Amino acid sequence: MQRMLDQAVEKVRARDSRRPAVSLILGSGLGALADEITDGVAISFADIPGFPAAAIAGHAGRLVIGNLEGVTCAVLQGRFHMYEGHDAAAVALPARMMMSLGASTLIVTNAAGGINRSFVAGDLMLIDDHINFTARSPLTGSVLEGETRFPDMTEAYNARLRGIARAVAARQSIRLVSGVYAAVPGPSYETPAEIRMLERLGADAIGMSTVPEVIVARARNVPVLGISLITNLAAGISANPLSHEEVVAAGTEARGRFTALIRGVIREMDIDNA
């Protein structure tokens, strides 16, 4: 994995030598924010060693490096998933690469199903914590350069960044709920019985991504902000059948609110944009 990571970093640096201050991972239906990057250089996943081509609707499959709110950012317009046949380390490779390029903050986003019965479709949820139901870790195997063997996950999602997000949302009158994100392997959606179990265990939203990247960030002592778009209510809570098309449509509807929130957070993070 270390060799593959080094090759990916070398390939990207050959295309763009800028040192990003922030890395962003844009989940299903949320990739349009990358189109607002200025002075951007876009690199297809297929052109980066170790990156498979993106195969899921709503994931463009590009790395974009450029400026957002005056800050140099590395933005993943999509991601890959364990349910596509990748192990946790491969899923976390893009996050590792962006941090190896110099990014000292990770903003991770996803589409999620709502378990908390006070949520409504279209809500933006600030991730306070997560539960890893995938039973997999990207840290399995040899310890990579700059990572610790046993990272502390007490504050997986940075309190200061969450405070900034809440303040931005309040000023812009954006409804921002908060809760615990449960990560499952997928790709099937959950049964009503599984949702009832997860509700009792303290989960507020459920999805099939995010946790591998967050674990790697904490192994590198990189602070994380997580935002979930609640695209639908989960099975047994919603009376409607679940579909990925619903996920993508919700991302389109939330584009303005999501973009305003992320841009506002980046403006106020007081980042040393070296």
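In this text, all values refer to a predicted model and were calculated from it rather than measured experimentally.

What counts, and where the lines are drawn
Residues numbered from 1 in each chain as written. Predicted model: local features only at pLDDT ≥ 70, side-chain atom pairs only at ≥ 80, totals over all residues. Heavy atoms only, no water. Helix = DSSP H or I, 4+ residues; strand = E, 2+ residues; numbered from the N terminus. Axes fitted to C-alpha atoms, helices over the stretch in contact; angles between N-to-C directions. Parallel < 35°, antiparallel > 145°, perpendicular 65-115°, else oblique. Left-handed = near helix turned anticlockwise from the far one by under 90°. Contact = heavy atoms within 4.5 Å. Nonpolar A, V, L, I, M, F, W, Y, C, P; charged D, E, K, R; others polar. Phe/Tyr/Trp six-rings, centres within 6.5 Å; stacked < 30°, edge-to-face > 60°. Buried < 20%, exposed > 50% of the residue type's maximum accessible area, 1.4 Å probe, protein only.

(A) The arrangement of the environment of Arg171 in detail. Within the secondary structure, Arg171 sits in helix α3 (residues 159-171). Measuring from C-alpha to C-alpha, the distance between Arg171 and Gly264 comes to 9.8 Å, with 93 residues separating the pair along the chain.

(B) A look at the packing of α3 against helix α7 (residues 255-268). Taken N-terminus to C-terminus, the directions of α3 and α7 make an angle of 125 degrees; their axes are 9 Å apart at the nearest point. If you check the angle between α3 and α7, you find them oblique. Helix-helix and strand crossings are classified by hand; for α3 and α7 the assignment is right-handed. Where α3 approaches α7, its residues Ile164, Ala165, Val168, Ala169 and Arg171 are matched on the opposing element by Ala260, Leu261, Gly264, Val265 and Glu268. For the contact of α3 with α7, the per-class residue count stands at seven nonpolar, one polar and two charged.

(C) Layout of the packing of aromatic side chains. All chains considered together, the criterion is met by three aromatic pairs. With a centroid separation of 5.5 Å and an interplanar angle of 75 degrees, the aromatic rings of Phe45 and Phe51 are classed as edge-to-face. Note on accessibility: Phe45 and Phe51 belong to one class, buried. When the ring of Phe51 is compared with that of Phe80, the centres are 5.7 Å apart and the planes differ by 80 degrees; the resulting orientation is edge-to-face. Within this pair, whereas Phe51 is found in the loop between β2 (38-44) and β3 (62-68), its partner Phe80 is found in the loop between β4 (71-77) and α2 (88-100), the two being separated by 29 residues in sequence. Like Phe51, the residue Phe80 is buried in the burial classification. Through a chain of ring-to-ring contacts, the aromatic side chains of Phe45, Phe51 and Phe80 assemble into a single cluster.

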